[in-house]
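Architecture at a glance
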Amino acid sequence: MTRSRLVHKAAGPVPQWLPAPPDPDDAPAATLGALPGYSGPPADPGLRVRRDHRELTAADWEVFLGAIDVLAADPAPAADAPACYEDFVLSHHRALATPPGLNWGVHAARRGDGRNFLPWHRRLLATFEQRLAEVGGDATFALPYWNWAEDPELPKALTEPSDLADWGIERLCGSAGGELPGPGPVVAALEVTTGFLDFSQALEKGPYNAVHQWVGGTFATPFAPADPLFWLHHAFVDRLWAQWSAGPGAGIAPARPEEEFHPHTGDLPRTNLRCAVLSGTVGDVLDTAALGYTYA
């Protein structure tokens, strides 16, 4: 079937925004041979459960991809309409490729410190998940995640060449160099206890960036959410944060819980965005159960 294009703006050449990935020879060896078992908010009948993509059935994938198609179908909805797919892509682009966005702390790249890397993306994913549930008519819908540290194969349902062409994205998958990180650097990040920013940067500057670089293409630009793989990648990173918060990082919180997320509704007059997909503060997203989901 024909998929919807996931970003419609003509952006011209877009430089990659990530620093070079770390040398894999410098990565610490996994102390456990694999990632430790997940520990985080317990399963609850009232929570949506984000699962490893390998647990999804063909029907589950069709719900996920079908909801994306619906969300992306109209590139220019009415000004007062709910968020469409492009709103998420352009919000991420603005956070990474505009002078105001670089002050929001979304990534530790260029002059950003990455202080809001984890909470900003958690809010973005939660809003995106909610929109997919709305357009798909399934209140229990939850994003899947890709555990690239233990499963280096791309999710097969997201590799159909015709889908990539329809979505308007490209991937290089290692042809530009680098490799996917294994458990080692992830285990090392999960053992950080010196502060929230230290943990966040250990994830972002190490294994997280390496995945973006290895996939390459659209995935290594500010338009990365145009590739549906983005949501599975960030769901796994968010899962690691939840695990760390319930273990070694218990009680270690971001330094500015009162900081507002941008771009929010008040920013719209100063942007070319049609709809704000972020709201609230860093302190609002510290508990996944309060946001209505957990992980398997």
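What you see is a predicted model; the values in this text were computed from it and never measured.

The rules behind these values
Numbers given to residues run from 1 along each chain, matching the order in which its sequence is written. Two thresholds apply to this predicted model, a pLDDT of at least 70 for residue-level local features and 80 or more for giving and counting side-chain atom pairs, whereas whole-chain, interface and lining totals are computed over all residues. For the side-chain quantities, the full set of heavy atoms in the structure was used; hydrogens and water were omitted. Every case where a carboxyl oxygen of Asp or Glu lies within 4 Å of a side-chain nitrogen of Lys or Arg is listed as a salt bridge. Per-residue accessibility, obtained with a 1.4 Å probe over protein chains only, is compared with the maximum for each type, and a residue is labelled buried under 20%, exposed over 50%, and partly exposed between these values. We count a stretch as a helix when DSSP gives it H or I for four or more residues in a row; a strand needs E for two or more, and each element gets its number in order from the N terminus. Between N-to-C directions, angles cover 0 to 180 degrees, with each direction set by a line fitted to C-alpha atoms, over the stretch in contact for helices. Any angle that is under 35 degrees is reported as roughly parallel, and any over 145 degrees as roughly antiparallel; angles of 65 to 115 degrees are reported as roughly perpendicular and all others as oblique. Here, two residues are considered to be in contact whenever any of their heavy atoms come within 4.5 Å of each other.

Things to note about the pattern of salt bridges
Oppositely charged side chains can form a pair if their charged atoms are brought close together. Following the criterion strictly, the structure yields twelve salt bridges and no others. Measuring nitrogen to oxygen at the nearest pair gives 2.8 Å for the salt bridge that ties Asp52 to Arg54. Here Asp52 falls in the buried class, since its relative accessible area comes to 9%. With its nearest N and O atoms 2.5 Å apart, the salt bridge here joins Asp238 to Arg122. With Asp238 in helix α7 (residues 229-246) and Arg122 in helix α3 (residues 117-136), the pair connects residues that are 116 residues apart, well separated along the chain.

So, the packing of helix α5 (residues 183-190) against α7
Interhelical geometry of α5 versus α7 gives an angle of 40° and a closest axis separation of 10 Å. By the angle class used here, α5 and α7 are oblique. Here α5 contributes Val186, Ala189 and Leu190 to the contact with α7, which in turn contributes Leu240, Gln243 and Trp244.

A closer look at unusual backbone geometry
Of the consecutive residues His262 and Pro263, the connecting peptide bond is found in the cis state with omega at 0°. Tracing the backbone through its elements, the reader meets Pro263 in the loop between α7 and β2 (293-295). Backbone geometry at Cys173 places phi at a positive 50°, although glycine is not the residue there. In this structure, Cys173 sits in the loop between α4 (161-167) and α5. A relative accessible area of 31% means that Cys173 is categorised as partly exposed.

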